[in-house]
Amino acid sequence: MVNKLSIDVGSTYFKVATDTSIEQHFRDFNKDIFDDLTHKCGDTISKYEKDDVYICSSANGGLSTLIIGITDSFSLKYAKNIAFNSGINIIETIIYQNIEEYSIPSDVIDVVIIVGGIDSASNIFGESLYSYLYNLNYSNIVYVGSEKDVPVLQEKIEKLVVLPNIIDNKLHIVEENLKTYLTNLYQEDIMGKEDIKNLYDITSNQIYSTPFIVNKTLPLIDANFSVVDPFILIDIGGATTDIHYSKDLVDENIVTKNEYDRLVFKKLGVYKSKESLIFTAQNNEFTYELLTHLKVTENIFEETSEKATKTLMQLAIFLVLCKMSHYKQTYINLKLLSINSIVLTGGITKVLSDGEVEDIISFFYQKILNSKHNPSIVLDRNYDIWTLGIKNR
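Residues numbered from 1 in each chain as written. Predicted model: local features only at pLDDT ≥ 70, side-chain atom pairs only at ≥ 80, totals over all residues. Heavy atoms only, no water.

Novice: For this particular structure, what's the right way to read the environment of I368?
Specialist: Following the sequence through the fold, I368 ends up in the loop between α11 (354-367) and β15 (376-379). Residue class for I368 comes out buried when judged on its relative accessible area of 9%. Once the C-alpha coordinates of I368 and F286 are considered, the two residues, 82 residues apart in sequence, prove to be 8.7 Å apart. Those residues in contact with I368 that lie beyond four places of it in its chain are F286, F318, C322, S325, H326, Y327 and F363. (Helix = DSSP H or I, 4+ residues; strand = E, 2+ residues; numbered from the N terminus. Buried < 20%, exposed > 50% of the residue type's maximum accessible area, 1.4 Å probe, protein only. Contact = heavy atoms within 4.5 Å.)

Novice: Even after reading the chapter, I still don't get the packing of aromatic side chains, so can you show me in this structure?
Specialist: Each pair of aromatic rings is reported with the distance of its centres and the angle of its planes. This model, assessed by the stated rule, comprises eight aromatic pairs. Residues F26 and F29 carry aromatic rings whose centres are separated by 6.1 Å and whose planes lie at 85° to one another, so their mutual orientation is edge-to-face. Relative to Y143, the ring of F125 lies with its centre 6.4 Å away and its plane at 85°, an arrangement referred to as edge-to-face. With a gap of 18 residues between them, F125 in the loop between β7 (109-114) and α3 (127-135) and Y143 in strand β8 (residues 138-143) connect regions that are remote in the sequence. Residue F125 is classed as buried on the basis of its relative accessible area of 10%. Assessed through its relative accessible area of 0%, Y143 is described here as buried. An aromatic cluster is present here, built from F318, F363, F364 and Y365 joined pairwise through their rings. Its end group placed over the ring of Y383, K15 keeps NZ or CZ at 4.5 Å from the ring centre. Over the ring of W386 we find K15, and its NZ or CZ is 5.5 Å from the ring centre. (Phe/Tyr/Trp six-rings, centres within 6.5 Å; stacked < 30°, edge-to-face > 60°. Lys NZ or Arg CZ within 6 Å of the ring centre and 35° of its normal.)

If you want it as structure tokens, here you go:
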């Protein structure tokens, strides 16, 4: 068997894994990613041929998308599911009928997705769509709706990519074409970023998004961990927090090939998104009670100590559980009282003890859900989930 080298370029850390060991390094943000990686791990990398090096990355926060659809129950729901599970971060979703009520995002959107109607429907979109797009700053745009509207949309929207409808005539989801397009778009995006495309000097394999790799691992997770379905996996990083969950935990299951789905909270990280995390915490009515429980005050937000980092990580766990519960209505609410296991991975596992994690999860269940439910807690301290995923991608 040929030995493989696996590399993950995160927003805060590098991880480099051989078949026998794994090393982690804090990134130097004053250096180019390639230069920093080869400076710290060059001796290890030099031992492997390009064909045997596999890389994934979330260093740039992933691609951003804005989705325009007709209904929450079908077009938007299906497009969001495909985007999340392709490792794409959703900035905004727009119901077309109310498009004039939505503000224009100030940031450049990597890809706009337009969806709506089965193939027998026509004349779905009109001038309000074209006006909105005229004022929107975006890099790519793709249409995955009714085929009858393709000619007029192609005439009105420059550089429109047209793919088969993601809704079939029986209102089922058809995911593969859009998922492939988004995965390839991520690849093209990496090729266009100077600080990441240089990584192709050390690998001849496609570079995938880290969330995509992690999601592919979940059916294999019980090979390494004592995990009981249904479970959720929480990956708290420096810029974002990803949630991967068993589809048994939602009432309205979308029938896809995936056994597990993904959510992402783009500005809920403990390094690059620290200020956004603090802002979210300050707007949660239970935060100050939680800080008291942790025996700290809000002054902890101004500190840069190890205690402050631990507190932010505990807050991130609490806030993301809140966002998935009935307390905060988001894209989807999970049946958290049905969870048997909660798995945590990412940098958080290197900082918090088992007891510190269990304490915060117990606080959430008692305070928010008024329950003594006690799911088993599993910490992936050696990044085995990522390693398993990238070697079986």
